[in-house]
Amino acid sequence: MSVVIHDEPLLNRHPANPILTGRDWPYAINSVFNAGATLLEDGSTLLLCRIEDRRGLSHLCAARSANGVDGWQIDSTPTFMADPDNYPEELWGIEDPRITWVPELKQYAVVYTSYSRGGPGVSLALTSDFRTFERYGVIMSPDDKDAALLPHKIDGRWALIHRPMTNLGAHMWISYSPDLRHWGGHKVMLEARRGAWWDANKIGLSSPPIQTARGWLTLYHGVRQTPAGCLYRLGLALFDLERPDKCLLRGDEWIFGPETDYECHGDVSNVVFPCGNTMNADGDTINVYYGAADCAIALARTRISTLLAWLDENGTSDRRHRA
Ligand code: BMA
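Residues numbered from 1 in each chain as written. Predicted model: local features only at pLDDT ≥ 70, side-chain atom pairs only at ≥ 80, totals over all residues.

A. Here's a closer look at the overall build of the protein chain. A tally of regular secondary structure across the protein chain gives two helices and 26 strands. For a compact globule of 323 residues, the expected C-alpha radius of gyration is about 20 Å, and the protein chain comes in at 18 Å, within 12% of that figure. Residues classed as buried in the protein chain amount to 46% of the 323 residues present. Considering only contacts within the protein chain whose residues lie at least 6 apart along the sequence, 50% involve residues at least 24 apart. (Helix = DSSP H or I, 4+ residues; strand = E, 2+ residues; numbered from the N terminus. Rg over C-alpha atoms; globule rule 2.2 N^0.38 Å. Buried ≥ 20, exposed ≤ 12 C-beta atoms within 10 Å, placed from the backbone. Contact = placed C-beta atoms within 7 Å.)

B. Focus on unusual backbone geometry. Residue Pro-18 follows Asn-17 across a cis peptide bond; omega there is -10°. Its location among the elements puts Pro-18 in the loop between β3 (12-13) and β4 (20-21). With an omega of 0°, the peptide bond between Pro-142 and Asp-143 qualifies as cis. Tracing the chain through its elements places Asp-143 in the loop between β12 (134-140) and β13 (144-149). Phi is positive for Asp-155, close to 55°, though the residue is something other than glycine. Summarising the element assignment, Asp-155 is placed in the loop between β13 and β14 (158-166). Positive phi values are uncommon outside glycine, yet Ala-293 reaches one of about 50°. Within the fold, Ala-293 resides in the loop between β24 (285-292) and β25 (296-303).

C. Representation of the nonpolar core within the structure. Counting 86 residues, the largest nonpolar core has Leu-48, Cys-49 and Ile-297 as its most contacted members. Considering each element in turn, this core owes the most residues, six residues, to strand β21 (residues 229-239). Not counting residues within four places of it along the chain, the set of residues in contact with Cys-49 comprises Leu-20, Val-32, Ala-35, Leu-60, Cys-61, Ala-63 and Ile-297. (Core = buried A, V, L, I, M, F, W, Y, C linked by C-beta atoms within 7 Å.)

D. Quick look at the site of the ligand. Near the ligand the following residues occur: Asn-34, Glu-95, Asp-96, Tyr-232, Val-268, Val-271, Phe-273, Gly-291 and Asp-294. Grouping the constituent residues of the shell around the ligand by class yields four nonpolar, two polar and three charged. (Near = placed C-beta within 6 Å. Nonpolar A, V, L, I, M, F, W, Y, C, P; charged D, E, K, R; others polar.)

E. The environment of Leu-249, seen in detail. The topology assignment puts Leu-249 in strand β22 (residues 247-251). Between the C-alpha atom of Leu-249 and that of Leu-311, which follows or precedes it by 62 residues, the distance is 6.6 Å. Other than its neighbours up to four places away in sequence, Leu-249 contacts Ala-237, Leu-238, Leu-311, Gly-315, Thr-316 and Ser-317.

F. A look at helix α2 (residues 304-314). Looking only at α2, the buried set comprises Leu-307, Trp-310 and Leu-311. Down the axis, α2 shows its buried residues gathered within 100° of arc, on one side only. Away from its buried face by more than 90 degrees, α2 exposes Ser-305, Asp-312 and Glu-313. (Arc of directions from axis to C-beta.)

G. Region of interest: the pairing of strand β11 (residues 119-127). In terms of strand pairing, strand β10 (residues 107-116) meets β11 through nine bridges, oriented antiparallel. Following the sheet pairing, Ser-116 is matched in β11 by Gly-119. Two successive antiparallel strands, β10 and β11, enclose a turn made up of two residues. Looking at chain direction, β11 and β12 are connected through five bridges and run antiparallel. Along β12, the bridge assignment pairs Val-122 with Met-140. In sequence, β11 turns back onto β12 through a hairpin of six residues, with Phe-130 there showing a positive phi of about 60°. (Pairing = 2+ DSSP bridges.)

H. Looking closely at the sheet that holds strand β7 (residues 58-65). Taken in spatial order, the four strands line up as β5-β6-β7-β8 in an open sheet, and their pairing is antiparallel. Where the open sheet ends on each side, the last strands, each with one partner, are β5 (31-39) and β8 (73-74). Examined bridge by bridge, β7 and β8 share two bridges and lie antiparallel to one another. Bridge pairing in β8 places Arg-64 opposite Gln-73.

I. Local environment of the pairing of strand β9 (residues 94-102). Here β9 lies mainly inside the structure; seven of its nine residues are buried. Pairing geometry for β9 and β10, over seven bridges, is antiparallel. If you follow Ile-94 over to β10, its bridge partner there is Ser-114. The antiparallel pairing of β9 with β10 creates a hairpin that spans four residues between the two strands, and Lys-106 there sits at a positive phi of about 50°.

J. Spatial organisation of the sheet that holds β11. Reading across from one edge, β9-β10-β11-β12 is the order of the four strands in this open sheet, with antiparallel pairing throughout. Looking along the sheet, the strands with just one partner apiece sit at the ends: β9 and β12. Across the sheet, the axes of successive neighbouring strands diverge by a mean angle of 25°, strand direction being ignored. (Axes fitted to C-alpha atoms, helices over the stretch in contact; angles between N-to-C directions.)

K. Looking closely at the environment of Leu-299. If you trace the backbone, Leu-299 turns up in strand β25. Residues Leu-299 and Pro-103 lie 196 residues apart in sequence; the distance between their C-alpha atoms is 26 Å. When sequence neighbours within four positions are dropped, the list of residues in contact with Leu-299 reads His-14, Asn-17, Ile-19, Val-69, Asn-287 and Tyr-289.

It is worth stressing that arrangement in space is one thing and function is another; only the former is reported here.
See below:
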């Protein structure tokens, strides 16, 4: 069900959806989905797309567009391939990148899932052009994924949001580092709820948090296990700017879920899975790029002001989230 505010859906699907599918690719692939997103210096949009090849293993491929909707220029060969000889944690591929522009480093941080016999872990690479990448290797050991770097240091330390699995559930955590290599200060940031909730037992960060004057505005996914399979939907939360482990507001209802054919049918049906957003020049409109049913990339638009207004009406403070 769509959640509607002031007669407008909270996230508006673009009429050109899905904006990218495997048929658009210049080489043979199985599917394209779960893309990181950023604006480049010239104002164009870059998507770093997860490509699943016909062995079932994933790599990343860049697509660039002047308007972020169509006219995509797709790299003719894989942009960023797993390198299992030097990075054995990438033996079964690399997945689900989140991109953060880091002004202090004048580089983009690409945080991605590296998958191997040990399970999925979190890896980091830096790049300035999405052509060459400097790998930092695994920064969070398995089983961990759904990670993104915040764009600047907080109290002198870099901050990474991620989702380790434990026996008690899959919650969002935040960890800190002086140098992007050594991580500590781990804290739970947002807990999966329990029981019948749409976001019971397993949640994870979607696209990187958006910095607003009121806090880090954050889309997260909740996974509902049903007898017919999993349902991936999106929720919204706001975290304190200086203490991002402190949740200021969290919505009870999901704000976006699978409805259209391309979201409800695919290799993994009933999945909407954003890994990237870009912001328009008005400083308010955001473009949310999401993987649909593990088979396509789609775009939905919303406004920061609309999301904050929705949280003001529908959000509750952290104390009430311990369901
Ligand atoms: C999650 C991730 C995503 C994927 C989703 C649905 O656990 O692995 O890459 O889109 O499952 O299959």
